[in-house]
Amino acid sequence: MSDAPPIPAVQTTGLTRMYGSLAALSGLDLTVNKGDLFGFIGSNGAGKTTTLRILATFLAPSAGRAVILGHDVVKDADAVRHIIGYMPDFFGVYKDMEVTEYLDFFGACYRIPSAQREKTVSDVLELVGLSEKKGSLIGALSRGMQQRLGLARVLIHDPQLLLLDEPASGLDPRARIEMMEILRELQRLGKTIIISSHILSELESICNRVAIIEKGKLIYAGPVQGVRDQMSSGRVVWVRVASDTEAAVALLKALAVVTEVTALDHKIKITLTSHDIDHSIIADALVHGGAKLTELREDEIGLEEVFLRVTRGETQ
Ligand SMILES: Nc1ncnc2c1ncn2[C@@H]1O[C@H](COP(=O)(O)OP(=O)(O)OP(=O)(O)O)[C@@H](O)[C@H]1O
Ligand SMILES: [Mg+2]
C-alpha cells in the first residue's frame, strides 16, 4: 500500500430514499475510496439494496446525491453505468442458455466488438474459475457456480467499481471462501468493490473498510477493527468461583467500575465501564470479600456480538 492520499470512488451526501412515509435510506453520508474492498453491512431491511440500486442508477434518490468517480448517478447515469458492474441480490438466471452464450450476450449489450468478445468471455470465466464450464447449461451449474457466473457477467465490460449485493448469500462455506478469494483477486487487479452482507464476520477478514447501516441510517464507517473499538460498550471479564456465587455477585455489583453482572452456576460475566480498567480490581474485590476465585479471563467480544448489540431490535 502506498502512502498517497486516498481518492474517493464513491461519495454520497445526505442520500435519502422515501417509500411513502418510510425512509428506507435517511441522509447517508458515505465515502468509499479507490481500491477499497468495502463491506456494507446491515440486517434485513436496513437499506443495503436501496443504496446499491441508487448507486447503480436503477433507483432515484428522494434527496441528497451520489457521485461515482466524478459522475453524478442521476445527472450522468449513462457514464456511471459504464464504469460500474452491479450484481443484484436476485438475478434472473437463463437456465437454458450455455455459459458462454450468456456472457457473449451481455458482452454484445455493452457493445464489445464480436472479434474481441470471445477473449473477453474467456478471460472473465478464468477469473471466476469457470473455464471448465464454458459449454455447460446454466441450469446445470451449482448455486456457487451460478453466483460466480453472475460475477463474471458484471465483469464483462471491465468496470472500475463493483456493486455486489450479497453475492455470498446461500453459498456453503467452501463456495463462500471461493467467492471471497475471487473478490480479493479483483481487488488486486485494481477494482474498487462494495459488497453487502448481513453477516459482519463474513466480511471481517477480507474488507479493509466497512459501513454498518440500520433503519436507513449510518451507524459506523471506518476500518474493520474500529467497529469493535467503537461499538463495544465495555470490557467483559468472566470469573469462576468455587464459593457462594450470589455472595460473589453482590461483591462485584458493589464496584463502581462494574456496569453489569450476570451469573450462570459458578460462572459470572462482568461488564466493566471502560476498556482501561485493570481487572485486578475484580480479583482483589472477590478475594478480599472472601470469595474463592478459581478462574478469571478476558472476553474478546466477537464482531458478531458487537453487531447484534448495535442492531438488536432495530429492524423496521
Ligand atoms: N419498492 C419498495 N416499496 C416500499 N418499500 C420498500 C421498497 N423497497 C424497499 N422497501 C423498504 O425499504 C427498506 C429497506 O429495504 P432494502 O431492500 O434496501 O433493505 P436491505 O438492507 O437490502 O435488506 P435485505 O437484507 O433484506 O436485503 C425496507 O423497510 C423495505 O421494506
Ligand atoms: Mg437487500
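Up top is the structure these notes are about.
Draft legend 1. Spatial organisation of the overall build of the protein. Assigned secondary structure in the protein consists of 11 helices and 14 strands. Counting all 316 residues of the protein, 34% fall into the buried class.

Draft legend 2. Quick look at the environment of Thr 31. Of note, Thr 31 is situated in strand S2 (residues 22–33). Between the C-alpha atoms of Thr 31 and Ala 221, which are 190 residues apart in sequence, the distance is 8.6 Å. Excluding its chain neighbours within four sequence positions, the residues that come into contact with Thr 31 are Pro 8, Val 10 and Gln 11.

Draft legend 3. Representation of the pairing of strand S12 (residues 258–264) in the model. Bridge count between S12 and strand S13 (residues 267–272): six bridges; the pairing is antiparallel. Bridging from a neighbouring strand, Leu 264 pairs with Lys 267 of S13. Counting the residues that bridge the hairpin from S12 to S13 gives two residues, and of these Asp 265 lies at a positive phi of roughly 55°.

Draft legend 4. Local environment of helix H6 (residues 173–188). Taking 1.5 Å of rise per residue, the 16 residues of H6 would be expected to cover 22 Å, and the 23 Å separating its terminal C-alpha atoms lies within 8% of that figure. Within H6 the residues assigned to the buried category are Met 179, Met 180, Leu 183 and Leu 186. Viewed end-on, H6 has its buried residues packed into an arc of 115°, placing them on one side of the element. Relative to its buried face, H6 has exposed residues pointing more than 90 degrees away, namely Pro 173, Arg 174, Glu 181 and Arg 188. Packing partners of the buried residues in H6 comprise strand S3 (37–41), helix H5 (143–155), strand S7 (161–164) and strand S8 (192–197). Gly 190 lies just past H6 and shows a positive phi near 100°.

Draft legend 5. Examining the nonpolar core more closely. Ranked by size, the top nonpolar core spans 60 residues in total, and within it Leu 55, Ile 68, Ala 152, Leu 163 and Ile 193 carry the most contacts. The element that contributes the greatest number of residues to this core is H5, accounting for six residues. For Ala 152, the residues in contact, after removing those within four places along its chain, are Leu 103, Val 124, Leu 125, Val 128 and Leu 130. One finds Val 241, Val 258, Leu 272 and Leu 286 within the second-largest nonpolar core, a separate group that totals 13 residues.

Draft legend 6. Unusual backbone geometry, seen in detail. Despite not being glycine, Thr 57 has its phi angle at roughly 70°, a positive value. As for its position among the elements, Thr 57 is in the loop between helix H1 (48–55) and strand S4 (63–68). The backbone phi angle of Lys 215 is positive, close to 50°, even though this residue is not glycine. Of the residues examined, Lys 215 has 19 C-beta atoms within 10 Å and is grouped as partly exposed.

Draft legend 7. The arrangement of helix H4 (residues 114–127) in detail. Between its first and last C-alpha atoms H4 spans 20 Å; for 14 residues at 1.5 Å apiece the expected length is 20 Å, and the two agree. Residues of H4 that are buried: Val 121, Val 124 and Leu 125. Buried positions in H4, seen along its axis, are confined to an arc of 100° and lie on one side of it. Looking at H4, the residues exposed on the side facing more than 90 degrees away from the buried face are Ala 115, Gln 116, Lys 119 and Glu 126. Considering only its buried residues, H4 is in contact with helix H3 (99–109) and H5. Looking at the residues trailing H4, positive phi occurs at Gly 129, about 70°.

Cut-offs used in this document
Residues numbered from 1 in each chain as written. Chains lettered and ligands numbered in written order. Predicted model: local features only at pLDDT ≥ 70, side-chain atom pairs only at ≥ 80, totals over all residues. Helix = DSSP H or I, 4+ residues; strand = E, 2+ residues; numbered from the N terminus. Buried ≥ 20, exposed ≤ 12 C-beta atoms within 10 Å, placed from the backbone. Contact = placed C-beta atoms within 7 Å. Pairing = 2+ DSSP bridges. Expected span 1.5 Å × (residues − 1). Arc of directions from axis to C-beta. Core = buried A, V, L, I, M, F, W, Y, C linked by C-beta atoms within 7 Å.

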